[in-house]
Structure formats: C-alpha cells, structure tokens
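Structural overview for review
Here's the letter readout for the chains.
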Amino acid sequence: LRDPAFAQSAPNAKLAVIGHPIKHSASPQMHQAALDAAGIDIQYIRVEVEPHQVEACFAEMERLGFIGCNVTVPHKLEAMDLCHELTEDAKALGATNTILFKDGKRIGHNSDGPGLAQAIYEDFGKSLTELRVLILGAGGGAGRAIATQCAREGSPAIYLSNRTVEKLEPIAESLTNEYGAKLVCTLSNATEDLTTAAARVDLIINSTSLGLHFEDPLPLPESALASSQMVYDAIYNPPLTPLLAKAQELGASTSNGLSMLLHQGAISFAFWLGQSPDLAAMRRGLNY
Ligand code: ATR
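Every chain begins its residue count from 1, and numbering advances along the sequence as written. With pLDDT at 70 or above as the cut-off, local features in this predicted model cover only qualifying residues; side-chain atom pairs require 80 or more to be listed or tallied, and sums for whole chains, interfaces and linings still use all residues.

Once that is clear, we can look at the environment of F101. Under the scheme used here, helices are H or I runs from DSSP no shorter than 4 residues and strands are E runs no shorter than 2 residues, and both carry numbers assigned from the N terminus. Looking at the element boundaries, F101 is found in strand β5 (residues 98-102). Here contacts are defined at the residue level, using C-beta atoms placed from the backbone and a cut-off of 7 Å between them. Among all residues touching F101, those that are not within four sequence positions of it are M61, E62, F66, I67, G68 and R106.

Dropping the structure here:
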C-alpha cells in the first residue's frame, strides 16, 4: 500500500473509497455529510490504492474493523474477484463498487446500475423502461454497467457504441441472452452510425472519458444532437462537459453525473448501515 498508515491519520475511519487516482473523488464529502446528519460518529476517507494492492488494502481495513468501502476506477473488477459473496446487482453488472465487511466475509455489491436508473428518473422524469437509449463508450467499465441496467429495466431499444467496436459483441450477446433485451444494436463511433442511432433514441448517455478535459472533442458528432433528446453525461467533474454545453445550446434536456453519484452513494450507504441516508444532506455535501 502506498499509504499503509491511512488509518493512523484517521483513527475513526470505518468507511472509505479506494481508487487510483483518488484525490478528486467527491464521495467522502457526500458520505460524511450523511453520516454526520444521521449522528453516526465515524469517518469516511479516501485511500489511494495501486493496482494489485486491493487485497492488501481489504485485509488492512478488515483488521481495523472497517464496515466497508466504495471501489472506483480501476479496481472494480479486481475487487469483485476478492469477494466471498456477490449480490444480484453485482453479479448482473459484472463488477463491484461497494464492499461490505461482515463476519469475516467480503460481500460485493454494485450500486452504479440502480443509481443510474434513479438518476435518470429524477432528472428527466422518465424510467429506463420506456426509453430508447444510445450508450457512448458501452465497452468501458461504466458503460457496460449502464448498458446492463438498461437491459434489466427493459429499455425498448439499446444502441451500443464504442471506439473499439470489438468490445461490444460479448456485451450485446449478454444483454440479449441473459436479460432478454429486445433490440440491441452495436456500432462504431463513425459519424454516420452515430447520427442514425441518435435519431432513433430518446436518451443519449456518455460513458466515455471524453469530456474530462476541457480540450476533449465531443463523443459524438454535433450533427447527431437534436432539441428533442435527453442527454446524460456520466462525468460530473467538470459539471458542464463540451457535450452537455452543445446539447444545451441546441435545446436538448441535459444532466450530468452528479445525480448518479448521489444515488449510487445513497444505495451504498443503506447497504453498509441498514438505513437510508438523508439525501438532502448528501446533496449539500456535494454542493448540488
Ligand atoms: P470507466 O471504467 O470509467 O468506464 P474505461 O473502462 O477505461 O473507464 O472506459 C473508458 C471508455 O471511454 C471506453 O469506452 C473507451 O473506449 P475504448 O474501449 O475504445 O478504449 C472510451 N474512450 C476513452 N478515450 C476515448 C477517445 N479518445 N475516443 C473515444 N472513446 C474513448
């Protein structure tokens, strides 16, 4: 571990988020606000964990009596392999972002998928069940979870696109065979493919990393955007990505990944502590 003394600097820490890099994570401020609001006197910290150090980190947390942790990029798959049990959500989404340490066991959960579904409902007033969706970056870790959630909710059409188009075939097969998705199309990120698909959907979700940096190009051609669309960007920092800015300019309904962060966080909190968090406190923690 890069910081084996992480608990010494926070003796009251019993929850954490692990990742690499981790210093920009907004999870600590969100969860701490909920813990404080509930009068639960423990600390939620961030821990920098390099690849292949996840097991050592879990062992250290278990030794220190941690309740659990969140897991973020790039550890969501490695963490799943280190669990003794997986919830249905973790199995379905094929990754874990939430671990509960209980009776010497590690139980892996995934709140990203259900969190996204709640975020879409809150932001656009529509359920994934009724939305035809185009997922950009569906071959990535986050994109795959989002696509699987759409299939679980019964989205009437799911268009998957990815720069590396070969990654999509196994995902499309799983959506169709395991979740009974009715219409699944795979496409490259070629302009004509994306423009055609965008015209056939209600909701476009960006789960590529394009937009994290100010100078990034749009994840789809500008000509694919229209005022009738809903556009969700899983990125929350920066809050206004070039995609959202352009979509807003064209009159589309837009939202960023803060709502997904909030709702997945609330689901994780309940999984660890057996009680729902104060969502308003979590929002205040995020300045959201
Ligand atoms: P995460 O777990 O956050 O989803 P990831 O698994 O590395 O991170 O996924 C990043 C996604 O962004 C992938 O879909 C990636 O496409 P590839 O599968 O082809 O790598 C996509 N992505 C990253 N940089 C991109 C770029 N410059 N243009 C298009 N897509 C990009």
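Now for the sheet that holds strand β2 (residues 43-48). With mixed pairing, the 6 strands of this open sheet are ordered in space as β2-β1-β3-β5-β6-β4. Since the sheet does not close on itself, it has two edges, and those belong to β2 and β4 (85-86), each with one partner. With 5 bridges joining them, β5 and strand β6 (residues 105-109) adopt antiparallel strand pairing. Bridged to T98 within β6 is H109. Axis definition: a line fit to C-alpha positions, over the contact stretch in the case of helices; interaxial angles, taken between N-to-C directions, run 0 to 180 degrees. Its contacts with the sheet put helix α1 (residues 27-37) on β1 (13-19), β2 and β3 (68-71), and the angle it makes with β2 is roughly 165°. Running at roughly 5° to β5, helix α10 (residues 258-273) makes contact with β1, β3, β5 and β6 of the sheet. In this scheme, strands are said to pair when DSSP sees at least two bridges between them.

UniProt positions are given in the numbering used here, feature names are shortened, and annotations may be inferred rather than shown by experiment. What UniProt calls "domain: Shikimate dehydrogenase substrate binding N-terminal" (unreviewed entry) maps, in this numbering, to residues 17-99. As annotated, residues 17-99 has a helix share of 40% and a strand share of 20%, and its two end C-alpha atoms lie 10 Å apart.

Next up on the list: the site of the ligand. In the vicinity of the ligand, 15 residues are found, and the nearest of them are G137, G140, G141, R163 and T164. Looking at the shell around the ligand residue by residue, the class counts come to 3 nonpolar, 10 polar and 2 charged. Nearness between a residue and a molecule or strand is assessed with a C-beta atom placed from the backbone; a distance within 6 Å qualifies. Each residue gets one of three labels, nonpolar for Ala, Val, Leu, Ile, Met, Phe, Trp, Tyr, Cys and Pro, charged for Asp, Glu, Lys and Arg, and polar for the others, Gly among them.

Let us look at the UniProt feature "binding site: shikimate" (unreviewed entry) in the protein chain. Following the UniProt record, the feature "binding site: shikimate" (unreviewed entry) maps to S25, A26, S27, T72, N97, D112, Y236 and Q264 here. You can see A26 is positioned in the loop between β1 and α1. Discounting chain neighbours no more than four positions away, the residues touching A26 are L261 and L286. With respect to the secondary-structure elements, Q264 resides in helix α10. Its 25 C-beta neighbours within 10 Å are what place Q264 among the buried residues. In this view, Q264 contacts N97, S111, D112 and G115; residues no more than four positions away in its chain are not counted. Around each residue's C-beta, the other C-beta atoms within 10 Å are counted; 20 or more make the residue buried, 12 or fewer make it exposed, and counts in between make it partly exposed. All C-beta atoms are placed from the backbone.

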